[in-house]
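This is what each chain is made of:
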Amino acid sequence: MTTRVEWLGNAAFRITYREMVLFVDPWLDENPGCPLKTSQVKHADMIFVTHGHPGHWGRGDSVKIANATGALYVAPRELCDYFVLKKMIPDHQVFRVEPGKKYDVRGLPFEVLSAPHPPVPSLPAWLAEVPGEPNCGYVWNFDGKMILNFGDTEFIPLFDQVGRNYRIDLAMLPLWGEGMGISMEQGVKTCADIISAVNPLKVFPTNRYSEDNPAMKLLLNTLKERRIKAEVFPQKVGLTFEI
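What counts and what doesn't
Residues numbered from 1 in each chain as written. Predicted model: local features only at pLDDT ≥ 70, side-chain atom pairs only at ≥ 80, totals over all residues. Heavy atoms only, no water. Phe/Tyr/Trp six-rings, centres within 6.5 Å; stacked < 30°, edge-to-face > 60°. Helix = DSSP H or I, 4+ residues; strand = E, 2+ residues; numbered from the N terminus. Buried < 20%, exposed > 50% of the residue type's maximum accessible area, 1.4 Å probe, protein only. Contact = heavy atoms within 4.5 Å. Disulfide = S-S within 2.5 Å. Lys, Arg positive; Asp, Glu negative; His and termini not counted. Salt bridge = Lys/Arg side-chain N within 4 Å of Asp/Glu carboxyl O. Polar contact = N/O pair within 3.5 Å; in protein donor to acceptor, adjacent residues only side chain to side chain. Arc of directions from axis to C-beta.

### Structural notes on the packing of aromatic side chains
Okay, step 1: The tally for this structure, following the rule as stated, stands at 19 aromatic pairs.
Okay, step 2: Consider the rings of phenylalanine 204 and phenylalanine 233, whose centres lie 5.9 Å apart with planes at 25 degrees: the pair is stacked. One end of the pair, phenylalanine 204, is in strand S12 (residues 202–206); the other, phenylalanine 233, is in the loop between strand S13 (231–232) and strand S14 (240–242), and 29 residues separate them in sequence.
Okay, step 3: Classification of phenylalanine 204 by relative accessible area gives buried; the value is 0%.
Okay, step 4: On the accessibility criterion, phenylalanine 233 (9% relative accessible area) is buried.
Okay, step 5: Where phenylalanine 204 meets phenylalanine 241, the ring centres are 5.8 Å apart and the plane angle is 10 degrees; that geometry is what we call stacked. Taken together, the residues phenylalanine 204 in strand S12 and phenylalanine 241 in strand S14 connect sequence positions 37 residues apart.
Okay, step 6: An aromatic cluster of three or more residues is present, and its members are Tyr17, Phe48, Phe95, Tyr103, Phe110, Tyr138, Trp140 and Phe142.

What follows is the structure in structure tokens.
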């Protein structure tokens, strides 16, 4: 059974699996080039959020989708607790996850990982109070097809372990974009280091803020120099593919 993946820009994805629709880090309304707005989302079963920074909980977009569709909100415990305390999402609608643990929710098995977040610029107070830690990632098992996702991350030995424990079919990994707190060269090196460790069949680099991201060319050259043969998808908003 195929799993359909659509990139919505930045770290946002819509995944169709069996009869379920999943959103990952859905920042839609103010996301440059995103083809979908929150008002257009009529159905969602689960929403996965990696951490509480603006481009990942979506400056409220993930909460809007949860409230409009009744989707289960899967996120780090600290983030879920914050939204419940603020009465933004009812407690029965959140599923709290913790790094290092494995879960099976609605027939979808997954493991939660955690890695340090790269340096970030200062945020306005109303955004800074949203818990940004822990910075989590997911390894989902879609009927034997393994997808690794991190919204943001630095490279740590954890990724060597992921490469040993899983045969990753698709890695959705942060690359670089204007406005991030790291240089393009560092962003590319981190992405390439993770790809080297995990050895996925396919890679989708995320975090793009311009039509022609120069980091893509640098990443492809770096992977070629390292003789890494993973298929790298182009950064085209709205691109849809199956695994």
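Structure's up, so let's keep going.
### Some remarks on helix H2 (residues 61–69)
Okay, step 1: Along H2, the residues that are buried comprise Asp61, Ser62, Val63, Ile65 and Ala66.
Okay, step 2: Buried residues in H2 make contact with strand S4 (46–48), helix H1 (54–57), strand S5 (72–76) and helix H3 (77–85).
Okay, step 3: Backbone geometry just downstream of H2 places glycine 70 in the positive-phi region, at approximately 80 degrees.

### Some remarks on the state of the cysteines
Okay, step 1: For the structure shown, the criterion picks out zero disulfides.
Okay, step 2: Free cysteine cysteine 136: the closest other cysteine sulfur is in cysteine 80, separated by 10 Å.
Okay, step 3: A disulfide-free cysteine, cysteine 191 has its sulfur positioned 19 Å from the sulfur of cysteine 136, the nearest such atom.
Okay, step 4: The exposure class assigned to cysteine 191 is buried, which follows from its relative accessible area of 0%.

### Some thoughts on the side chain of glutamate 111
Okay, step 1: Checked against the element boundaries, glutamate 111 lands in strand S8 (residues 108–114).
Okay, step 2: No salt bridge is formed by the buried glutamate 111; the nearest opposite charge belongs to lysine 102, separated by 4.6 Å.
Okay, step 3: A distance of 2.4 Å separates the side chain of glutamate 111 from the side chain of tyrosine 166, its partner in a polar contact.

### Here we look at helix H5 (residues 158–165)
Okay, step 1: Every buried residue of H5 is accounted for by Leu158, Phe159 and Val162. Burial along H5 is one-sided: seen end-on, the buried residues are contained in an arc of 95 degrees.
Okay, step 2: Tucked into the core, H5 has its buried residues touching S8, strand S10 (145–150) and helix H6 (184–198).

### Details of unusual backbone geometry
Negative phi is the rule for most residues except glycine; trans is the rule for most peptide bonds.
Okay, step 1: Following glutamate 133, the chain continues to proline 134 via a peptide bond in cis, the omega torsion being 0 degrees.
Okay, step 2: Relative to the helices and strands, proline 134 resides in the loop between helix H4 (125–128) and strand S9 (136–142).
Okay, step 3: Non-glycine residue asparagine 10 carries a positive phi angle of around 55 degrees.
Okay, step 4: Structurally, asparagine 10 can be placed in the loop between strand S1 (3–7) and strand S2 (13–17).
Okay, step 5: You will see that arginine 106, though not glycine, has its phi angle at about 55 degrees, which is positive.
Okay, step 6: Note on placement: arginine 106 falls in the loop between strand S7 (102–105) and S8.
Okay, step 7: The class of arginine 106 is partly exposed, set by a relative accessible area of 48%.

Purely geometric numbers; function is a separate question.
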